[in-house]
Amino acid sequence: KFSIVSASKSPQKSPSVGDSFFRNVLSSMEQVYLNKNPTAKSIVELVRSADVDRICYDHIAYRTFGVNAYGIESMSKFFMDFGYSQQEELRFPQKKLKALWFSPPNFTSVNGGGGGGVHGPLPRIFISELLVDQMSVKAQEIIRKYVELSGAGYKHAPISSAIGCLPWPKPSHTEFQQLASESEYAAWTLVNGYSVNHVTISTHRLKSRLKNIKNLNQFIEENGFKLNSEGGVLKVSPDALLLQSSTVADSIPFEFSDGFKNSVPGSYIEFAERLVLPEYRDLPEDKIEEIHRRDGFEVGNADKIFESTSKDQVTRRGAK
Ligand code: OOG
Ligand code: NI
């Protein structure tokens, strides 16, 4: 076990130690997110009390500025160090965004920590970045100003996320507005930094009728929460195997650097149902595992889910 041969073969294979550290970091990120966003917290509690205590997360998502070293890599390195592997790229030319997703280690085995949430089967990771070079000169000036003020902030993205502190100073209200008029994603990232953008509840791993995402959506709305209605509440991939929906972001009180106080969009919570792939349709229900289901993400769905933090959705009259 401690021989030089095995140590040199796999330098950081001390799984339980690494796993425990990794999950504790995820747990801190999750706590920051739940404490800051009352809707996400209430919904996690609601689903846990109505269904199973051990909710599984399908994925966790982050946003970044694609400039200098502040893009996707600033956050993905951490996940790669703990065994995640990079998957496909998704492009959103109109929104000037690109995204990558990462699959967890040991995805084919039961990699659960035996608990729920971040202590259950490890979630996929979805990280996007704003293609800053394509923004107006004015917007670029603001973004570059803040990433420069952060010094080497890009090296500490996971810490920033886990302690819930921006790696750069707070912007002025004017700067926020200026960015928002061009890209709501950019404005969100300026005031939320590396905070978890959303976690996604895996609905097919629930136990009750709520495992059907349509039932869950109805249940969420009946309980007074507003769902993102962009392109319809239920987002369906072209192969009809990936079904997603999300709440709209909570409005969070924010004090700008000029002392002006206003609310800004915070984070939201998402739901995803992954259906069984056609080649496994005949498997008995108790033999179906996550690997038998539709994997990955879908540009058409994601494009609409990004709108969960938009002013239109956040201020829309809804169930609440
Ligand atoms: C990400 C939106 C896309 C998904 O699951 O496709 C997404 C974001 O709002 O940053 O979450
Ligand atoms: Ni998502």
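All chains use their own residue numbering, which begins from 1 and follows the written sequence. Following the order in which they are written, the chains are lettered starting with A and the ligands numbered starting with 1. Owing to the predicted nature of the model, reporting of local features is limited to residues with pLDDT of at least 70; listing and counting of side-chain atom pairs is limited to 80 or more, with chain, interface and lining totals taken over all residues. The basis for every side-chain value is the complete set of heavy atoms in the structure, and neither hydrogens nor water enter the calculation.

## Some remarks on the overall build of the chain
- Within the chain one finds 11 helices and 10 strands.
- Taking 320 residues into account, the globule formula puts the C-alpha radius of gyration at 20 Å, and the chain, at 20 Å, falls close to it.
- Overall size of the chain, expressed as C-alpha extent along the three principal axes, is 60 × 55 × 35 Å.
- Classification of the 320 residues of the chain by burial places 52% in the buried group.
- Whether two residues are in contact is decided by their heavy atoms, any of which lying within 4.5 Å being enough. Taking contacts inside the chain between residues at least 6 apart in sequence as the whole, the part at least 24 apart equals 71%.
- Methods summary: accessible areas were calculated by the Shrake-Rupley approach with a probe of 1.4 Å, and residue burial reflects only the protein chains presented. Total accessible area on the chain is roughly 14,800 Å²; 52% of this is exposed by carbon and sulfur atoms.
- Here the positive residues are Lys and Arg and the negative ones are Asp and Glu; neither His nor the chain ends is included. In this description, the location of a charge corresponds to atom NZ of lysine, CZ of arginine, CG of aspartate or CD of glutamate. Counting 38 positive and 37 negative side-chain charges, the chain places the centres of these two groups 3 Å from one another. A run of H or I in DSSP becomes a helix once it reaches four residues, and a run of E becomes a strand once it reaches two; helices and strands are each numbered from the N terminus. This radius of gyration counts C-alpha atoms alone. The globule rule is 2.2 Å times how many residues there are, raised to the power 0.38. Think of it in three bands: with a 1.4 Å probe and only protein chains considered, a residue is buried below 20% of the maximum accessible area for its type, exposed above 50%, and partly exposed in between.

## Some thoughts on the coordination of the nickel ion (ligand 2)
- In the first shell of the nickel ion (ligand 2), the protein supplies His59 (NE2), His198 (NE2) and Glu270 (OE), at 2.0 to 2.1 Å from the metal.
- Sodium, potassium and calcium take a 3.2 Å donor cutoff, other metals 2.8 Å, and in both cases only N, O and S atoms count; water is not among them, so sites may look incomplete. Every donor residue of the nickel ion (ligand 2) comes from the same chain, spaced as H-x138-H-x71-E. Here His198, found in strand E5 (residues 198-202), pairs with Glu270, found in strand E10 (residues 268-274); they are 72 residues apart in sequence, far enough to count as distant.
- Under the relative-accessibility criterion, Glu270 is labelled buried at 1%.

## Focus on the pattern of salt bridges
- Salt bridges are defined as contacts in which a side-chain nitrogen from Lys or Arg sits within 4 Å of a carboxyl oxygen from Asp or Glu. Counted according to the given criterion, the structure contains 16 salt bridges.
- Members of the salt-bridge network, linked through shared partners, are Asp58, Arg124, Arg205, Arg274, Glu290 and Asp295.

## Looking at the site of ligand 1
- In the vicinity of ligand 1, the contacting residues are His59, Arg63, Phe126, Asn197, His198, Gln244, Tyr268, Glu270, Phe297, Ala302, Ile305 and Phe306.
- Side-chain atoms alone can form a polar contact between residues adjacent in sequence; in general such a contact is a pair of N or O atoms within 3.5 Å, and within protein one must be able to donate a hydrogen while the other accepts it. In this structure, an oxygen atom belonging to ligand 1 sits 3.1 Å away from a side-chain N or O atom of His59.
- Burial of ligand 1 by the protein chains amounts to 100% of its free accessible area of 320 Å².
- Looking at the shell around ligand 1, the elements with two or more residues in it are strand E1 (57-66), E10 and helix H10 (299-305). Nearness here has a simple test: a residue counts as near a molecule or strand if at least one of its heavy atoms is within 4 Å of that partner.

## With respect to the pairing of strand E8 (residues 251-255)
- Residues Ile252 and Phe254 of E8 are buried on one face, while the alternating residues Ser251, Pro253 and Glu255, pointing to the opposite face, are not.
- Where E8 meets strand E9 (residues 261-265), five bridges bridge the pair, whose relative direction is antiparallel. When the sheet's bridge partners are listed, Ser251 is paired in E9 with Pro265.
- By definition, two strands form a pair when at least two bridges between them are found by DSSP. Counting the residues between successive antiparallel strands, the hairpin from E8 to E9 contains five residues, one of them, Gly259, with a positive phi of roughly 85°.

## Details of the sheet that holds E1
- Here eight strands make up an open sheet; going across it, the order is E2-E3-E4-E1-E5-E10-E7-E6 and the pairing mixed. The two strands at the open ends of the sheet, each matched to only one other strand, are strand E2 (85-92) and strand E6 (235-236).
- Sheet topology note: the strand E7 (residues 242-246)/E10 ladder contains five bridges and is antiparallel. Its bridge partner being in E10, Leu242 is matched across the sheet by Arg274.
- An axis is simply a line fitted to the C-alpha atoms; with a helix, the fit covers only the stretch in contact. Between two such axes, the angle follows the N-to-C directions and lies from 0 to 180 degrees. Along the sheet, helix H3 (residues 38-50) contacts E1, E5 and E10; its crossing angle with E10, the most-contacted strand, is approximately 40°.

## As for the side chain of Arg23
- Note on placement: Arg23 falls in helix H2 (residues 15-36).
- Reaching out from Arg23, the side chain makes a polar contact with the backbone oxygen of Gly120 at a distance of 2.7 Å.

## Quick look at the packing of helix H5 (residues 137-149) against helix H7 (residues 173-182)
- Packing of H5 against H7 leaves a shortest axis separation of 10 Å and a crossing angle of 125°. Comparing the axis directions of H5 and H7 gives the class oblique. Of the two possible hands of crossing, H5 and H7 adopt the one that is left-handed. Contacts between H5 and H7 pair Lys138, Ala139, Ile142, Ile143, Lys145 and Tyr146 from the former with Glu175, Gln178, Leu179 and Glu182 from the latter.
- Residues are grouped as follows: Ala, Val, Leu, Ile, Met, Phe, Trp, Tyr, Cys and Pro are nonpolar; Asp, Glu, Lys and Arg are charged; all remaining types, including Gly, are polar. Partitioned by chemical class, the residues of the contact of H5 with H7 number five nonpolar, one polar and four charged. Roughly parallel refers to an angle under 35 degrees, roughly antiparallel to one over 145, roughly perpendicular to one between 65 and 115, and oblique to any angle outside these ranges. A clockwise turn of the near helix away from the far one marks a right-handed crossing, whereas an anticlockwise turn of less than a right angle marks a left-handed crossing.

## Quick notes on unusual backbone geometry
- Backbone geometry at Asn68 places phi at a positive 50°, although glycine is not the residue there.
- With respect to the helices and strands, Asn68 occurs in the loop between E1 and helix H4 (72-81).
- Within the chain, Lys96 stands out as a residue other than glycine whose phi angle is a positive 55°.
- Under the relative-accessibility criterion, Lys96 is labelled partly exposed at 29%.

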